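Chain by chain, the residues:
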Amino acid sequence: DGGITQSPKYLFRKEGQNVTLSCEQNLNHDAMYWYRQDPGQGLRLIYYSQIVNDFQKGDIAEGYSVSREKKESFPLTVTSAQKNPTAFYLCASSISRNTEAFFGQGTRLTVV
Amino acid sequence: AQSVTQLDSQVPVFEEAPVELRCNYSSSVSVYLFWYVQYPNQGLQLLLKYLSGSTLVESINGFEAEFNKSQTSFHLRKPSVHISDTAEYFCAVIFTGTASKLTFGTGTRLQVTL
């Protein structure tokens, strides 16, 4: 089945540790996105990539990093510089710009 | 400034009643419009979209939305809701241009009760 796979679904980390969230898609989409969701704030864009080996900062990129070495993969690293990392993280992809995005099932990160 | 507004954070409604979830946007460029639905602890699912053509778009499960350019709105409606429609609904907009990407509203929680 084609789709977007995020792993793991739940993730716990100690404060000060970096953590990497996985996102893989087999839809052959060019564009991929990372969003952060907090209660009452909707989805906020962290990073996006429209082509392999290229990515741009979204609205809340501080404390996060990404890579896009392969078309199907777009991992997100939450660094220790992120002040409030506990949140629900959603990965998405789209065929190109100006088209709808398809979402993975999300990763809930809890930092203690 | 470009923005997406969902004024209602929660909408309670009885089963079989009609519902309207409001979405307004602010933009100086042309837009593409979307509604997504999210069930607890899951990702977002595309409900319907407006890219061009007819301003009234429909989903397979009875929802519809109408693009109103003069009022910069894209309200979501359903004539008769079901318990299973209980979820969070997000309006999203692509503001066309060099950095086209989805911008989301803050969401509306639809709570359907008997």
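Values in this document were obtained by computation on a predicted structure and should not be read as measured data.

So, on to the overall build of chain B. Helix and strand counts for chain B stand at zero helices and 12 strands. Listed by position from the N terminus, the elements making up chain B come as β-β-β-β-β-β-β-β-β-β-β-β. Over its C-alpha trace chain B gives a radius of gyration of 14 Å, about what one expects of a compact globule, namely 13 Å for 114 residues. In terms of overall dimensions, chain B has C-alpha extents of about 45 × 30 × 25 Å along its principal axes.

On the chain A side, the residues contacting the 23 residues of chain B number 23 residues. Interface area, chain B with chain A, both sides summed: about 1800 Å², of which 53% is carbon and sulfur. Our count for the chain B to chain A interface comes out at one salt bridge. B:Lys49 is paired through a salt bridge with A:Glu100; the nearest N and O atoms lie 2.7 Å apart. Between the two partners, chain B and chain A, sit six residue pairs in polar contact (both at pLDDT 80 or more). Elements represented by at least two residues in the side of chain B that touches chain A include exactly strand S5 (31-38), strand S6 (44-50), strand S10 (87-95) and strand S11 (102-104) of chain B. Broken down by element, the side of chain B that touches chain A gets its largest block of residues, four residues, from S5(B).

Our next topic: unusual backbone geometry. Here A:Ser7 and A:Pro8 are connected by a cis peptide whose omega angle stands at -10°. If you trace the backbone, A:Pro8 turns up in the loop between strand S1 (4-7) and strand S2 (10-13). Positive phi outside glycine occurs at A:Asn53, with the angle close to 65°. Assignment of secondary structure puts A:Asn53 in the loop between strand S5 (43-51) and strand S6 (54-57). Residues other than glycine seldom take positive phi values, yet B:Thr72 does so here, at roughly 45°.

Bringing the confidence of the model for chain B into the picture now. Of all residues in chain B, 97% attain a pLDDT of 70 or more, and the chain-wide mean is 93. The secondary-structure element of chain B with the lowest mean pLDDT is strand S7 (residues 56-58) of chain B, recorded at 90, while strand S3 (residues 19-21) of chain B shows the highest, at 98.

Residues and elements named next belong to chain A. Ordered in space as S1-S3-S8-S7, the four strands form an open sheet in which the pairing is antiparallel. Two strands in the sheet have a free side with no partner beyond their single neighbour: S1 and strand S7 (64-66). Strand-to-strand twist across the sheet, computed as the mean angle between neighbouring axes with direction ignored, equals 20°. The pairing of S1 with strand S3 (residues 19-25) spans four bridges and is antiparallel. Pairing of Thr5 across the sheet is with Glu24, part of S3.

All right, on to the packing of aromatic side chains then. Residue and element names in this part refer to chain B. As enumerated under the stated definition, the model contains 14 aromatic pairs over all chains in all. Ring plane angle 50° and centroid distance 5.8 Å describe the contact between Tyr36 and Phe104, whose orientation is recorded as tilted. Separated by 68 residues along the polypeptide, Tyr36 in strand S5 and Phe104 in strand S11 bring together distant segments of the chain. For the pair Tyr36 and Phe104, a shared accessibility class is recorded, and that class is buried. Ring centres 6.4 Å apart and planes at 85° place the aromatic pair Phe90 and Phe104 in the edge-to-face group.

Rules of the game
Residues numbered from 1 in each chain as written. Chains lettered and ligands numbered in written order. Predicted model: local features only at pLDDT ≥ 70, side-chain atom pairs only at ≥ 80, totals over all residues. Heavy atoms only, no water. Helix = DSSP H or I, 4+ residues; strand = E, 2+ residues; numbered from the N terminus. Rg over C-alpha atoms; globule rule 2.2 N^0.38 Å. Contact = heavy atoms within 4.5 Å. Buried area = accessible area lost by both parts, 1.4 Å probe. Salt bridge = Lys/Arg side-chain N within 4 Å of Asp/Glu carboxyl O. Polar contact = N/O pair within 3.5 Å; in protein donor to acceptor, adjacent residues only side chain to side chain. pLDDT = per-residue confidence, 0-100. Pairing = 2+ DSSP bridges. Axes fitted to C-alpha atoms, helices over the stretch in contact; angles between N-to-C directions. Phe/Tyr/Trp six-rings, centres within 6.5 Å; stacked < 30°, edge-to-face > 60°. Buried < 20%, exposed > 50% of the residue type's maximum accessible area, 1.4 Å probe, protein only.

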